[in-house]
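# Structure at a glance
So you can see what is in the structure, the chains are spelled out below.
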Amino acid sequence: MKKQLIALCAFAFIVVGGPAAAADWSTVTGGLDFSGEITGVIAVVGVLAGFYVVRKGARLLLSMIK
């Protein structure tokens, strides 16, 4: 019963408080033009670079744990 009450409270908080606390990124991305191909290529390169940095960091941390 206690777990169900906690789950219900968490769900109510997400439904009521979630959208009100959402971040507004329009000021950050307002000046960018996402219509060009160059922007798409840069976005893909950025995602791949981020992936490889995270992977390298994870390997470094795992090697330190060994």
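In case you missed it, the structure is sitting above this.
Summary of the structure given here.

Analysis parameters
- Residues numbered from 1 in each chain as written.
- Predicted model: local features only at pLDDT ≥ 70, side-chain atom pairs only at ≥ 80, totals over all residues.
- Heavy atoms only, no water.
- Helix = DSSP H or I, 4+ residues; strand = E, 2+ residues; numbered from the N terminus.
- Buried < 20%, exposed > 50% of the residue type's maximum accessible area, 1.4 Å probe, protein only.
- Areas by Shrake-Rupley, 256 points an atom, 1.4 Å probe, with all protein chains shown as cover.
- Phe/Tyr/Trp six-rings, centres within 6.5 Å; stacked < 30°, edge-to-face > 60°.
- Patch = residues over 30% accessible without salt bridge, like charges linked within 9 Å, V, L, I, M, F, W, Y side chains within 5 Å.
- Salt bridge = Lys/Arg side-chain N within 4 Å of Asp/Glu carboxyl O.

### Looking at the overall build of the protein
- Across its full length, the protein carries 3 helices and 0 strands.
- Along the protein, helices (α) and strands (β) appear in the sequence α-α-α when read from the amino end.
- In the protein, which comprises 66 residues, the proportion classed as buried is 0%.
- For the protein, the accessible surface area stands at approximately 6300 Å², while carbon and sulfur atoms represent 75% of it.

### A word on the packing of aromatic side chains
- Taken as a whole and judged by the stated rule, the model has 1 aromatic pair.
- A centroid spacing of 5.3 Å and a plane angle of 65 degrees characterise the contact between Phe 51 and Tyr 52, whose relative ring orientation is edge-to-face.

### Topic: a nonpolar patch on the surface
- Side chains of Val 44, Leu 48, Phe 51 and Tyr 52 sit close together on the surface and give an oily, nonpolar patch of about 410 Å² of accessible area.
- Inspection of the secondary structure puts Val 44 in helix 3 (residues 37-65).

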